[in-house]
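Reading the structure
Each chain, letter by letter, is given below.
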Amino acid sequence: MEKNYHVCTGCGLLCDDIEVESEKNIINKVYTACRVGVAHMKEGKEEAIFRVDNKPVNEETAISEAASILKNAKNPLIFGLGTSTSETHKLAIELARKTNATLDDTSSFCLGSLVEALIHNKIKTCTLDDIRNKADVIIFWGADPSDSHPRHLSKYSYFPRGSEKQRGWEEERTAIAIDIRKSHTAKICGNYFFQIPPGGDTEFIDALIAGLSGKLPKTSYNYPPKKILELANILKGAKFGIVFAGLGLIYSLENLEPLFRLMKALNEKANFHLVPMVGHYNMRGFNENLFAETGYVNSVKFENDIVRHGPEYSIVESLKAKTVDAALIIGSDPLSSLPRSIAKNLFEIPVISMDPCETLTSRNAKVYINTAISGVEAGGTATRMDGTKVSFKPVVETNHPSDEAILKKIMEAL
Ligand code: SF4
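Residues numbered from 1 in each chain as written. Predicted model: local features only at pLDDT ≥ 70, side-chain atom pairs only at ≥ 80, totals over all residues.

Here's the deal with the domain arrangement of the protein
Let me state the cut-off plainly: The domain limits used here are those given by an automatic or database domain assignment. Remark: residues whose backbone-derived C-beta atoms lie within 7 Å of one another are considered to be in contact. Only Asp, Glu, Lys and Arg are considered charged in this grouping, and only Ala, Val, Leu, Ile, Met, Phe, Trp, Tyr, Cys and Pro are considered nonpolar; every other residue, Gly among them, is considered polar.
Domains assigned within the protein are domain 1 (47-110 + 281-387 + 397-413) and domain 2 (112-276). Each of domain 1 and domain 2 was reduced to a C-alpha centroid, and the two centroids are 34 Å apart. Contacts between the two partners involve twelve residues from domain 1 and, on the opposite side, eleven residues from domain 2. Here the side of domain 1 that touches domain 2 is composed, by residue class, of four nonpolar, five polar and three charged.

Put into structure tokens, the structure is as follows:
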């Protein structure tokens, strides 16, 4: 019997080998997925919920109220979209143009600059399949995929067999963790764990670059030079090396220059690639889709036919400066994820929340539209963390409207 595999949209790995058992459109069993994926695929609710001012309404009323908020705003903010399909991104960009909105996603305060560098070919990259097939030296830098992307090590990086790595982990691969704490991933890396102090990444990079050229590596925090030289020697021998760059690394750097220097130095001695540890399943897709339309990956402001870009158009700066007068939040919970001093400004403007889950933002929104879970109850396309395009169909049928369908209706109602 032919098996039906599904894609899990629980994280940026977009695992495409998921089997489920469902009855009457309720998923009862999920095979192959990790604990995050199982919970994600089973989180569907029976009835769609629409609310205005915390009172239940029908879909039509919620859409008409959302359209009226956007129509009356001079500078609405459209934010989120990391867990939406690329089809939804395109509609959100169109809606932002139509309403002269500020448009941003979480990448403006996480990995957006790194994805932008990849789009501009400033860093050598590769696919997860290349890594499974060829990688012999794997660095997890400021990243803990054992917790954030639980199948990362088993499906793509350290443990699996690949076409040129028939024996898999330990025997043919060296996994290295560089982090400020001994994470679950760092424990798996055993002796190849390099613990650095918070904010010590730039100095460690420069010490490593010195070590790669045989110079004495020095840091102000007196990291043992012998250990850095040992690490440099392993990296120099890599036939196919990969750096998985996580938030811990990016938050520690003032800009990406040290990382560019490191990748250049590594590629003078060996063969190294970099893949960003994108969390939300289609954050990279949002960056690419917005870039294709505007030349920028996030933080844009549409003004008639002009597109402006800069940090002042990020959600953080827009809310801090109170330049936005309404917000459409799609699949995101800024009230929980942003610092309270900034997020509280959302209480002063009308907020429309479109989300498959109840969140702090949805509970405090003027309009709440309970959308389908993208990838489980709605299909589409997305970009995996390594840039690979993935298509998926809904796993079950539902009466929950997709965020794509809702955006279309809001645009019609404008
Ligand atoms: Fe889903 Fe990510 Fe787990 Fe894969 S690793 S099953 S994509 S949550």
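Describing helix H18 (residues 403-413)
Note the following rule: Using C-beta atoms placed from the backbone, we call a residue buried if 20 or more other C-beta atoms fall within 10 Å of its own, exposed if 12 or fewer do, and partly exposed for counts in between. By the criteria applied, helices consist of DSSP H or I runs no shorter than four residues and strands consist of E runs no shorter than two, each listed in order from the N terminus. Picture the helix axis, draw a direction to every C-beta atom, and the arc is the one those directions span.
Among the residues of H18, those classed as buried are Asp403, Glu404, Ile406, Leu407 and Ile410. Projection of H18 onto a plane perpendicular to its axis shows the buried side chains occupying an angular sector of 160°, all on one side. Considering only its buried residues, H18 is in contact with helix H2 (59-72), helix H3 (86-98), strand E14 (326-330), strand E15 (351-355), strand E16 (367-370) and strand E17 (380-383).

Structural notes on the nonpolar core
Definition in use: Among buried residues, those of type Ala, Val, Leu, Ile, Met, Phe, Trp, Tyr and Cys that are joined through C-beta atoms within 7 Å form a set called a nonpolar core.
Judged by nonpolar contacts, the single largest core of 122 residues is most densely connected at Ala92, Phe244 and Ala245. Here this core spans two domains, and each of domain 1 (47-110 + 281-387 + 397-413) and domain 2 (112-276) adds at least three residues to it. Sequence-distant contacts of alanine 245, that is, excluding residues within four places in its chain, are made with Leu114, Trp141, Gly142, Ala143, Ile250, Leu274, Pro276 and Met277.

Describing the site of the ligand
Keep this limit in mind: Nearness is defined per residue: the C-beta atom, placed using the backbone, must lie within 6 Å of the molecule or strand.
Surrounding the ligand, one finds 13 residues, the nearest of these being Cys8, Gly10, Cys11, Cys15 and Gly37. Across the shell around the ligand, the residue classes tally to nine nonpolar, three polar and one charged.

Quick look at the pairing of strand E5 (residues 76-80)
Which entries qualify depends on this criterion: The criterion for strand pairing is that DSSP finds at least two bridges linking the strands in question. Handedness of a crossover is defined as follows: with both strands directed away from the viewer, a clockwise route from the first strand across the helix to the second makes it right-handed.
Most of E5 sits out of view: five of its five residues are buried. One ladder, built from five bridges, connects E5 with E14; its direction is parallel. Paired with glycine 80 across the two strands is isoleucine 330, which belongs to E14. As paired elements, E5 and strand E6 (residues 102-104) share three bridges and run parallel to each other. Residue pairing for E6: phenylalanine 79 is matched across the bridge by aspartate 104. Crossover E5 to E6 through H3 is right-handed.

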